[in-house]
There are 2 protein chains.
Amino acid sequence: MFFKNRITRFNYLKMVSNTEENYLKAIFKISEKETAPASTNAISTEMHTSAASVSDMIKRLAEKDLVLYEKWKGVTLTKEGKKIATNLIRKHRLWEVFLVDKLNFSWDEIHPIAEELEHIKSTKLVQHLDEFLGFPKFDPHGDPIPDEHGNFTFRKQVQLSEFKKGKGIIIGVDEHSTQFLQYLDRLSLTLGTSIEIIEVIDYDGSVRININDNKEQIISNKVAKNLFVKPI
Amino acid sequence: MFFKNRITRFNYLKMVSNTEENYLKAIFKISEKETAPASTNAISTEMHTSAASVSDMIKRLAEKDLVLYEKWKGVTLTKEGKKIATNLIRKHRLWEVFLVDKLNFSWDEIHPIAEELEHIKSTKLVQHLDEFLGFPKFDPHGDPIPDEHGNFTFRKQVQLSEFKKGKGIIIGVDEHSTQFLQYLDRLSLTLGTSIEIIEVIDYDGSVRININDNKEQIISNKVAKNLFVKPI
DNA sequence: AAATATTTTTAGGTTAGTCTAAAAATAAAT
DNA sequence: ATTTATTTTTAGACTAACCTAAAAATATTT
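Residues numbered from 1 in each chain as written. Chains lettered and ligands numbered in written order. Predicted model: local features only at pLDDT ≥ 70, side-chain atom pairs only at ≥ 80, totals over all residues. Heavy atoms only, no water.

Undergrad: Would you mind going over the sheet that holds strand S3 (residues 158-159) of chain B in detail, with residue names and values included?
TA: Residues and elements named next belong to chain B. Across the sheet, which stays open at both edges, the 6 strands sit in the order S3-S8-S4-S5-S6-S7 with antiparallel pairing between neighbours. What marks the edges here is a single partner per strand, and that holds for S3 and strand S7 (215-219). Where strand S4 (residues 166-173) meets strand S5 (residues 194-200), 4 bridges bridge the pair, whose relative direction is antiparallel. If you follow Ile-169 over to S5, its bridge partner there is Ser-194. (Pairing = 2+ DSSP bridges. Helix = DSSP H or I, 4+ residues; strand = E, 2+ residues; numbered from the N terminus.)

Okay, structure coming up:
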């Protein structure tokens, strides 16, 4: 008798589907930005599903003790739910490093592939991959890779738009869209690039910068907001 | 409006689910061994699902022109169905090479992981992976890796049980179970090992062999049947 | 050739994950 | 403090992928 995808009386490790994993990740992301419990609406926006679907799913996750849920009051992850979410992020970012460092992908094309790879289940695979990549602490967008316990390396970083004068190094991006990343490539604003603020334009918040002590450039406030810089 | 997992009027590339892919692969495997169309029963055995589920699925695959199907007469893959099946096998085997060559897995633990990895969709990923691995032609079990058109490298190989006298090199295994592969490791019967037949025992078909001109060993007929050898 | 056995299909049900529309609860505005 | 707007939940339906049990077709025996 086969019990493929069927939970038996003897199966204590609860099965978590890819969809459930994605919901947990969405809730984690929302909780990163806000302290309040994640609202149904916020989750439905993040997941591109209807609020009704979210209500449904939340019940199932609560049933499995992956989230805490009180009707009308939003959801928070339990320890176990958070474990799954951070592990997903860990896998996602490790695979992104693999794609860029080993397979020569560029940073603007890796997200959707990592979105699939992050669901591969073997923990041994993650360990070996981590080792193979030299235990990286940040992914190709500068995001920290959590360790196996879900701890993120914290790094002081400032939005370029908040950076009033002086020099800095680009160490991360907030937006991950292909469009934005390709635009950054065109401006040679990649990770590790040094930037000096020449002038912040009051009118619209644009910033005139010098890139790598070499080329002057004006970038919009929107771009500046999406760039994380480490002052030097 | 989002059309995630929804086929729109404008979506000409038909979506094929992981499950559908697995059915196509199962049909391909059956067709490799027999010339007749794959029977419902054979597929249900391969897939560990009921015959009723297979009947159901076959109809859906026929609807999508991935198989040819006449009631009561079994199924054969269309060109498109075969394309998907061989591509899955290609991805499976490339990932197996990756796991062994780059991540130091052993040949007995890679199958289930590759079973998941083979469904990752990006074709660019497969191309880059292939290149990264040095365009391997065989996987860690000695199975040929089809090229992007689904062509397999053919290699003359003989079951050790059919090999009456002389020397040979182990170049493949028929069974892929953990148990069998670990047993082979214990006997140091890995790929590339040289073997000389000393004696075939009439009574039960066991074979007395000399491994790497070094150690004598008796192996059962069952083991011998699952070893592929290239005469030298 | 008839009877029996096997294989395949159909019929009818289940679950996960989605949806829309309507109802209920909460929040915001007058 | 009512009314209005927004958010969330419920109700009811759909599809993919599975199942069991029964019916229908094909194969095998006697």
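Undergrad: Give a detailed account of the interface of chain B and chain A, specifying residues and quantitative values.
TA: Residue-level contacts link 25 residues of chain B with 25 residues of chain A. Counting each side, the surface lost to burial between chain B and chain A is near 2100 Å², with a carbon and sulfur contribution of 72%. Linking chain B with chain A are 2 salt bridges. If you look at where chain B meets chain A, you find 6 residue pairs in polar contact (both at pLDDT 80 or more). Listed by contribution, the elements that provide at least two residues to the side of chain B that touches chain A are helix H4 (79-102), helix H5 (111-117) and helix H6 (123-132) of chain B. (Contact = heavy atoms within 4.5 Å. Buried area = accessible area lost by both parts, 1.4 Å probe. Salt bridge = Lys/Arg side-chain N within 4 Å of Asp/Glu carboxyl O. Polar contact = N/O pair within 3.5 Å; in protein donor to acceptor, adjacent residues only side chain to side chain.)

Undergrad: Give a description of the relation of the copies chain B and chain A that names residues and reports values.
TA: The two copies are related by a screw motion: chain B maps onto chain A through a turn of 180° and a shift of 0.0 Å along the axis, at an RMSD of 0.0 Å. One copy is carried onto the other by what is essentially a two-fold rotation axis. Taking C-alpha positions as the reference, the residue of chain B nearest the rotation axis is B:Leu117, at 3.7 Å. Of the interface residues in chain B, 100% have counterparts in chain A that sit at the interface too, so the contact is made through matching surfaces. (Least-squares fit on C-alpha atoms with pLDDT ≥ 70 in both.)

Undergrad: Please provide a residue-by-residue account of the side chain of A:Asp143, values included.
TA: For A:Asp143, the position within the fold is in the loop between helix H6 (123-132) and strand S3 (158-159). Once residues lying within four places of it in the same chain are set aside, the contact partners of A:Asp143 are A:Arg93, A:Lys137, A:Phe138, A:Val173 and A:His176.

Undergrad: Mind laying out the packing of helix H1 (residues 18-33) of chain B against H4(B), listing which residues take part and the relevant values?
TA: Residues and elements named next belong to chain B. For the pair H1 and H4, the least separation of the axes is 8 Å and the interaxial angle reads 90°. In terms of orientation, H1 lies roughly perpendicular with respect to H4. Taking contact as the criterion, the partners of Glu-21, Asn-22, Leu-24, Lys-25 and Phe-28 in H1 are, on H4, Gly-81, Lys-82, Ile-84, Ala-85, Thr-86, Leu-88 and Ile-89. Class assignment of the residues belonging to the contact of H1 with H4 gives a composition of 6 nonpolar, 3 polar and 3 charged. (Axes fitted to C-alpha atoms, helices over the stretch in contact; angles between N-to-C directions. Parallel < 35°, antiparallel > 145°, perpendicular 65-115°, else oblique. Nonpolar A, V, L, I, M, F, W, Y, C, P; charged D, E, K, R; others polar.)

Undergrad: Which residues make up the protein's contact with DNA strand D, and what values do they have?
TA: Near DNA strand D lie 24 residues; those nearest to it are A:Tyr69, A:Lys71, B:Ser17, B:Ser53 and B:Arg60. Taking all atoms of DNA strand D within 4 Å of the protein, the share assigned to sugar and phosphate is 77%. B:Asp56 is positioned such that a nitrogen or oxygen atom in its side chain is 3.5 Å from a base nitrogen of DNA strand D. Counting only elements with at least two residues in the surface near DNA strand D, the list comes to helix H2 (40-47) and helix H3 (51-63) of chain A together with H1 and helix H3 (51-63) of chain B. (Near = heavy atom within 4 Å.)

Undergrad: Tell me what's going on with the pairing of strand S8 (residues 227-231) of chain A, and back it up with residues and numbers.
TA: Examined bridge by bridge, S3(A) and S8(A) share 2 bridges and lie antiparallel to one another. Bridge pairing in S8(A) places A:Val158 opposite A:Val229.

Undergrad: How would you summarise the pattern of salt bridges if you had to cite specific residues and measurements?
TA: Residues and elements named next belong to chain A. Going through the model one piece at a time under the given rule, you end up with 20 salt bridges over all chains. We note a salt bridge from Asp-213 to Lys-167, for which the minimum N-O separation is 2.9 Å. With a gap of 46 residues between them, Asp-213 in the loop between strand S6 (207-211) and strand S7 (215-219) and Lys-167 in strand S4 (residues 166-173) connect regions that are remote in the sequence. A relative accessible area of 29% places Lys-167 in the partly exposed class. Across the pair Glu-199 and Arg-208 runs a salt bridge, and its minimum N-O distance is 2.8 Å. By relative accessible area, Arg-208 is classed as partly exposed at 23%. It is possible to trace a salt-bridge network through shared partners that takes in Lys-25, Glu-115 and Glu-118. (Buried < 20%, exposed > 50% of the residue type's maximum accessible area, 1.4 Å probe, protein only.)

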